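As a plain string of letters, each chain reads:
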Amino acid sequence: MITIRKAEFITSAVGLKGYPEGTGPEIALAGRSNVGKSSLINKFINRKNLARTGNTPGKTQMLNFYRINDEWTFVDLPGYGYAKVSKEVKANWGKMMEEYFSRRENLRAVIQVVDIRHEPSLEDKEMHTFLRNRGIPVLVVATKADKISKGQWARHLSQIAKGLEIADWHMIVPYSAETGLGVEDLHQAVEEILAEADAESQSAFTEQVFTDQTEE
């Protein structure tokens, strides 16, 4: 399981020019406003207030970058689906995410955060389809699992899987930032993502070395 030795907020950005230098793999978090992305990050790294949390949905209007162990980065994306923000703000959020997904070469996967108590919204479905169509690996995490009884988890996770067209609801990670449920499972999933990213990087390096030697 991942050991979090260091975690720090790097920067917030609204566009490509504001992104930090792209060193190491990045894992982005996408989800509806107030679904608990910041709380998920804080629990994952065992820090109370690194990621900004608030009671006002739609407050996060930028991409927030958090550097972990000086090796990889969590990127908290603007929440989607909050009805009380203007159409202009919604359009800007969409542009920010479109640019990030299109231009960030070190993005390795997206953790899509949903609320276990509710069926996926239209925005949840659109985001999931968008990621899959782009070939971006996506892991669905169902937060607020402490709000319902354990006996109801299977039914709710099945509804989420059906709504997002996921073959097996067991692929969804039930999670609670309050109790720590699912933290170890998420640590393991992230570890596997990073290991795969490292293998791809090593393969690309080996291929380049071979190419260079052949050209000589």
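J.: I tried to follow the pattern of salt bridges on my own but got confused; where do I start?
T.: Pairing between side chains of opposite charge can happen when the charged atoms of each approach one another. Scanning the entire structure with this criterion turns up nine salt bridges. When the shortest N-O distance is used, the salt bridge between Lys-147 and Asp-146 registers 3.9 Å. In this structure Asp-146 comes out as partly exposed when scored by relative accessible area, which is 32%. Put simply, Lys-6, Glu-8 and Asp-70 are held in one network by salt bridges that share partners.

J.: Looking at this model, I keep getting lost on helix H4 (residues 153-164). Mind explaining?
T.: Residue pairs spaced three or four apart in an α-helix point in one direction, given the helix's 3.6 residues per turn. With 12 residues, H4 should reach 16 Å at 1.5 Å per residue; the first-to-last C-alpha distance of 16 Å fits that figure. When we look at burial in H4, the residues that qualify are Trp-153, His-156, Leu-157, Ile-160, Ala-161 and Leu-164. One face of H4 carries all of its buried residues, which in axial projection span an arc of 140°. The first or second residue beyond H4 is Glu-165, which carries a positive phi of 60°.

J.: Explain helix H2 (residues 87-103) to me, please; I cannot follow it from the model alone.
T.: Here H2 is 17 residues long and its end C-alpha atoms lie 24 Å apart, about the 24 Å a rise of 1.5 Å per residue gives. Burial in H2 covers these residues: Trp-93, Met-96, Met-97, Tyr-100 and Phe-101. Looking down the long axis of H2, one finds its buried residues gathered within 120° of arc, a one-sided arrangement. Turned more than 90 degrees away from the buried face of H2, the exposed residues are Lys-87, Glu-88 and Lys-95.

J.: Would you mind showing me how to read the sheet that holds strand E2 (residues 26-31) here?
T.: Strand pairing in a sheet relies on backbone hydrogen bonds, with the paired strands running either antiparallel or parallel. Taken together, seven strands build an open sheet; the order of strands is E1-E3-E4-E2-E5-E6-E7 and the sheet is mixed. Edge positions in the open sheet fall to strand E1 (7-13) and strand E7 (173-174), since each of these has one partner strand only. Across two bridges, strand E6 (residues 138-143) lies against E7 in parallel orientation. Bridge pairing links Ala-142 to Pro-174 in E7. Helix H1 (residues 37-45) rests against E1, E2, strand E3 (63-68), strand E4 (72-76), strand E5 (107-115) and E6 of the sheet, and its axis sits at about 155° to E4. Relative to the sheet, helix H3 (residues 122-133) contacts E2, E5 and E6, its axis offset from that of E5 by approximately 160°.

J.: What exactly am I supposed to notice about the packing of aromatic side chains here?
T.: Each aromatic ring pair is described using two quantities: the centre-to-centre distance and the angle formed by the ring planes. Taken as a whole and assessed by the stated rule, the structure comprises eight aromatic pairs. On the numbers, 6.2 Å between centres and 90° between planes, the contact of Phe-44 with Trp-72 is edge-to-face. In this pair, Phe-44 sits in helix H1 while Trp-72 sits in strand E4, placing the two residues 28 residues apart along the sequence. One exposure class covers both Phe-44 and Trp-72, and it is buried. Three or more aromatic residues link up through ring pairs in this structure, and these residues are Tyr-19, Phe-65, Tyr-100, Phe-101 and Phe-130.

Definitions and limits used
Residues numbered from 1 in each chain as written. Predicted model: local features only at pLDDT ≥ 70, side-chain atom pairs only at ≥ 80, totals over all residues. Heavy atoms only, no water. Salt bridge = Lys/Arg side-chain N within 4 Å of Asp/Glu carboxyl O. Buried < 20%, exposed > 50% of the residue type's maximum accessible area, 1.4 Å probe, protein only. Helix = DSSP H or I, 4+ residues; strand = E, 2+ residues; numbered from the N terminus. Expected span 1.5 Å × (residues − 1). Arc of directions from axis to C-beta. Pairing = 2+ DSSP bridges. Contact = heavy atoms within 4.5 Å. Axes fitted to C-alpha atoms, helices over the stretch in contact; angles between N-to-C directions. Phe/Tyr/Trp six-rings, centres within 6.5 Å; stacked < 30°, edge-to-face > 60°.

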